[in-house]
Amino acid sequence: MKRRGFLIAGAAAAGGALLVGVGLQPPDARSRLGTGRGAPQPPQGDGVALNAWVQIGRDGRVSVAVPRAEMGQGVHTALAQLLAEELDADWAQVGVHDATGAPVYANAALLLNVLPLQPDDDGALARFARGAAQRLGYSLGLQVTGGSSSVRDAWEPLRLAGAAARNLLLQAAAARWQRPLAELKTAGGFVLHGERRLGYGELAAEAAQLSPAHELPLKRREDWSLIGRSPPRLDLPAKVQGLARYGIDVQLPGLRHAALRQAPSFGGSVVRFEVEAIRQRRGVFDAFLLNEGSAVVVADSWWRAEAALKAHPPRFHAGPRAGLDTAGMRQTLQRALDQHSGTGFRNDGDARAVLARAGAVLRAEYEAPFLAHAALEPLNCTAQVKDGQVHVWCPTQVASLARWKAAQVAGVAQERVTVETTYLGGGFGRRLETDVIEQAVAIAMRCGGAPVKLLWNREEDFTHDVYRPLAMARFEATLGPDGLPMAWLNQVAGPSVGTDTVARLLPGLAADLPDKNHIEGAFELPYAIPHLRVRQLRVPLGVPVGSWRSVGHSLNAFFTECFLDELAHAAGQDPLRYREALLARHPRHLAVLRLAATQAGWSSALPAGRARGIALHESFGSICAQVAEVSIEAGRPRVHRVVCALDAGTLVHPDTVRAQMEGSILFGLTAALHGEITIANGAVQQRNFPEQPLLSLAETPQIDVHLVPSTAPPGGVGEPGTPPTAPAVCNALATLTGRRIRQLPIRL
Amino acid sequence: MPVLEINRHTQDLNLEPDMPLLWALRDELGLTATKFGCGVAACGACTVHLDGEAARSCMLPLGGLQGRQVTTLEGLRDDALMQRLQAAWLAEQVPQCGYCQSGMLMAAHALLRRHPQPSEAQIEAAMTNLCRCGTYPRIRRALRRAQLP
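Bear in mind that the values here come from a model prediction, so they are computed numbers and not experimental data.

A.B. asks: How would you explain the overall build of chain A if you had to name every residue and give the values?
C.D. replies: Across its full length, chain A carries 21 helices and 27 strands. For a compact globule of 748 residues, the expected C-alpha radius of gyration is about 27 Å, and chain A comes in at 27 Å, within 12% of that figure. Here the C-alpha coordinates of chain A stretch approximately 85 × 75 × 55 Å along the principal axes. Within chain A, the fraction of its 748 residues that count as buried is 57%. Considering only residue pairs separated by 6 or more positions, chain A has 78% of its internal contacts joining residues 24 or more positions apart.

What follows is the structure in structure tokens.
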């Protein structure tokens, strides 16, 4: 307990000063209606705003403000559903609009992901820490889409915003008809009184003059008609017609196009750039060094800018990190594990003493490689700097940080910066970074007021990512007389995503602090192990690292769920029964595990040459279990089927949850089968898809998703499906071949 | 100065013969349904039809396209098969981020024109475009749904 208290204090210390004076309770939903101070600018067009979250047009069209980025996870639809449910809107009339900038649009749930708490810890200290984290995220105005937090954050405020708007419309109708409000009802975008009805569009202007009632009761679950259903997603018609506008599709009058080359090796610099020759080429406006490590060409088309760089490639000096290579970094991690014991995150019982006197100790070392995000839309950003104003159009997960960074680069106040978030052609954590936005603004400052679109080619995207970190886990365990683990020691070593991210955002605040995101999924084990010791070694390796779909969970689920499987095999016990025996005090986990096993036919016979493996993992407030069925074909692993069970609490849009599970599993499978970024001479070696393939349709297994009915508040769904996939597949292969896979990607 | 037909309109493009078709479509003609993904014809986000067959436009220099017929997703707005595919894509709620889906639909259209009832092997051979979101299971289902009985 002492240790945990210290860690929470450490986490809070990073923003502690900001907490003073803002209170330590989470912001209540009512204060987030945005009707008082902090309200956004009045809307454009003929819509009338009833609060910060909804406008209603004269024609009755309802437009919901969505301050979260749509990157395929269905957030536009889910947020609109929450509001429309309580508004009693007609779904056919509901749309969304991008909302950026106002403080009420901050994501209060985001920082819950950085707290080193047991997920089921509901003690006073845990509640205090959660309240403070939400207050801090809200006070910082973090308008961020990540950490599977959007629906968790919006769950109360968006429903309350719908209820508040409905209340105003009821009041307006009551005044027109001179009837008590209690006699009125709402349905399908109308206020009803007996045979009479008034459309929301007819009432909106009057409603906007009123104040919502003090009491705004939300609907009972059994009265929901939208939440828990799966109406067609709002963004898909445009996406199948090729009309959806991504960042790369931004078109503006007089738009210029920029291409760039960054030093291939980390920390390298440009030593020769043939600016004069490039400026002679057709369509080229300018060529210059953006900073010591990157060269830019601006032209009237992207291809002309890119072709100029191909014809006159800048020459680079490798710089101080030229000696980096993957083999050396692996040795560095090994040495760290040999020499240091790291920071403690869990210390139940006395694992060291039990291991020291144990007769038989099981030991294993696991390793996962650097990974790239490889979103299919290459990084890009459009910017215009004119008359002291900065306009940014970009596919970003961090609209508020984009605005702040753009203001810094241009040397203007944030109020002079607008950010418009387009659709994202995939995010996965890469678009939490602002590097391309800072570059675009700096380039725009040299374009004489013209807008400019900076687009990276795929090679830049692969070689200048912020990677999932290379990491190692060193385990020791000993079993009790019943074969169950008596003591478990796990030390995880690798670079810290938290430290690196803070260093990029707030260089002044960067410090080597305990990092929950590095060790998440390793220290919160739900299994009943009496002596449990989990420690973190933060080892910088000179390669930029960042959030990659599910962050630490994708590493630690692989390490932990595979090693637990090893223990089951060592005890001669069935891996499913083994886990069941350790989960007696966790009924939700147990139910999810059993659902996956039952649906996969865990105990049924398989054809010769096939085997099943199982894995269970909790992340982002949701619990996921998967059973993979594998064989070996032509010396390669072949995954035939993945059965997935998920408890994500209340499901707002079940079909989207299924889609997220399908996608998360294939994301995890790409990593398990193909994913590896290696470094040689300080530079990333994989430059494009041929060297770093994504899973193909032909390799895609049958996927069956089973959702646990629940009345708990919503959990996250964008990430929790990824962590269990690699261990389920590796455990199946171990059963099939008798050999453990302790290093990814899988090599037989 | 290549002359080619794009979406049934003859285009006399005063462009460099080594400019890939993708960039003529996107930056010169404003046809942005066709996407850039890799630049090396590996991902298929830039798939168009060249004389009715699926082709990856990021590695097709304009100079080699003299007299050829190019069709993009925008050019198939009134095409019955494309409309059937789009309806199937919506019925199965296929796209996630959606960035690869123009290319997927163009590849699917070429596949169903050639094989109205494709085998699994034919689907796997034709649908080699990459999707990072993992919509492949739904693409398979939508392809089945779009087939004529």
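A.B. asks: Before we move on, can you summarise the UniProt feature "domain: Aldehyde oxidase/xanthine dehydrogenase a/b hammerhead" (unreviewed entry) in chain A with the specific residues and values?
C.D. replies: The positions that UniProt labels "domain: Aldehyde oxidase/xanthine dehydrogenase a/b hammerhead" (unreviewed entry) are, in the present scheme, residues 241–320 of chain A. Helix makes up 19% of residues 241–320 of chain A and strand makes up 35%, while its end C-alpha atoms are separated by 49 Å.

A.B. asks: Can you lay out the environment of P103 of chain A for me, pointing to particular residues and giving the numbers?
C.D. replies: All names here are of chain A. Considering the arrangement of structural elements, one finds P103 in the loop between β4 (94–98) and α4 (124–139). Under the C-beta neighbour-count criterion, P103 is labelled partly exposed, with 18 such atoms within 10 Å. Sequence-wise, P103 and R739 are 636 residues apart; in three dimensions their C-alpha atoms are separated by 54 Å.

A.B. asks: Please set out the sheet that holds strand β8 (residues 256–262) of chain A residue by residue, giving values where relevant.
C.D. replies: All names here are of chain A. Reading across from one edge, β10-β11-β8-β18-β15-β16-β17 is the order of the 7 strands in this open sheet, with mixed pairing throughout. The open sheet has two edge strands with one neighbour each: β10 (284–291) and β17 (417–421). Adjacent strand axes in the sheet meet at a mean angle of 20 degrees when their direction is disregarded. In this structure, β8 lies alongside strand β11 (residues 294–299), joined through 6 bridges in antiparallel fashion.

A.B. asks: Quick rundown of the nonpolar core? Include the residues and the values.
C.D. replies: In terms of nonpolar packing, the biggest core is built from 283 residues, with V54, L83, V392, V441, A596 and C644 of chain A touching the most fellow members. Among the elements that take part in this core, helix α5 (residues 150–177) of chain A stands out by supplying 14 residues, more than any other.

A.B. asks: Describe the interface of chain B and chain A, with residues and values.
C.D. replies: Taken residue by residue, the interface counts 42 residues in chain B and 44 residues in chain A. The set of elements that each furnish at least two residues to the side of chain B that touches chain A consists of α1 (21–28), α2 (80–91), α3 (101–114) and α5 (136–146) of chain B. A per-class count over the side of chain B that touches chain A returns 24 nonpolar, 13 polar and 5 charged.

A.B. asks: So, unusual backbone geometry: which residues are in play, and what are the values?
C.D. replies: All names here are of chain A. Of the consecutive residues L744 and P745, the connecting peptide bond is found in the cis state with omega at -5 degrees. Counting through the fold element by element, P745 comes out in the segment after α21 (725–737). Not every positive phi belongs to a glycine, and V551 is a case in point at roughly 50 degrees. In this fold, V551 is placed in the loop between β21 (531–538) and α17 (552–570).

A.B. asks: Break down the sheet that holds strand β14 (residues 362–368) of chain A for me, citing the residues and quoting the values.
C.D. replies: All names here are of chain A. Read from one edge of the open sheet, 5 strands run β13-β21-β20-β19-β14, paired in mixed fashion. In this open sheet, the two strands that pair with only one neighbour each are β13 (343–348) and β14. The mean inter-strand angle of the sheet, taken between neighbouring strand axes irrespective of direction, is 10 degrees. Pairing of β14 with strand β19 (residues 471–479) involves 7 bridges; the strand directions are antiparallel. Paired with Y366 across the bridge in β19 is A473. Each of β14, β19 and β20 (485–494) touches α17; the most contacted strand, β14, lies at about 150 degrees to it.

A.B. asks: I'd like a description of the packing of α17 of chain A against α21 of chain A, backed by residues and values.
C.D. replies: Residue and element names in this part refer to chain A. For the pair α17 and α21, the least separation of the axes is 8 Å and the interaxial angle reads 30 degrees. As far as their axial angle goes, α21 and α17 are roughly parallel. Crossing of α17 over α21 shows right-handed handedness. Between α17 and α21, the residues in contact are A557, F558, E561, C562 and D565 and A726, P727, C730, N731 and A734, respectively.

Conventions we followed
- As a convention, each chain's residues are numbered from 1 in the sequence order in which they are written.
- Numbering of ligands from 1 and lettering of chains from A proceed in the order in which they are written.
- Under the rules for a predicted model, residues below a pLDDT of 70 receive no local features and side-chain atom pairs below 80 are neither given nor counted, while totals for whole chains, interfaces and linings still include all residues.
- Strands are runs of DSSP state E lasting at least 2 residues, helices are runs of H or I lasting at least 4, and numbering of each runs from the N terminus.
- To get the radius of gyration, use the C-alpha atoms; to get the globule rule, take the number of residues to the power 0.38 and multiply by 2.2 Å.
- Three exposure classes are used, based on other C-beta atoms lying within 10 Å of a residue's own C-beta, which is placed from the backbone: buried for 20 or more, exposed for 12 or fewer, and partly exposed in between.
- Note that contacts rest on C-beta atoms placed from the backbone: two residues are in contact if these are within 7 Å.
- UniProt positions are given in the numbering used here, feature names are shortened, and annotations may be inferred rather than shown by experiment.
- Pairing between strands is defined by DSSP: at least two bridges between them are needed.
- Each axis is a line fitted through C-alpha atoms, taken for helices only over the stretch in contact, and angles between the N-to-C directions span 0 to 180 degrees.
- Think of a nonpolar core as buried Ala, Val, Leu, Ile, Met, Phe, Trp, Tyr and Cys residues, each tied to the set through C-beta atoms within 7 Å.
- Asp, Glu, Lys and Arg are counted as charged, while Ala, Val, Leu, Ile, Met, Phe, Trp, Tyr, Cys and Pro are counted as nonpolar; the rest, among them Gly, fall into the polar class.
- Working rule for angles: under 35 degrees goes down as roughly parallel, over 145 as roughly antiparallel, 65 to 115 as roughly perpendicular, anything else as oblique.
- Each crossing is labelled by how the near helix is turned from the far one, with a counterclockwise turn of less than a right angle marking it left-handed and a clockwise turn marking it right-handed.

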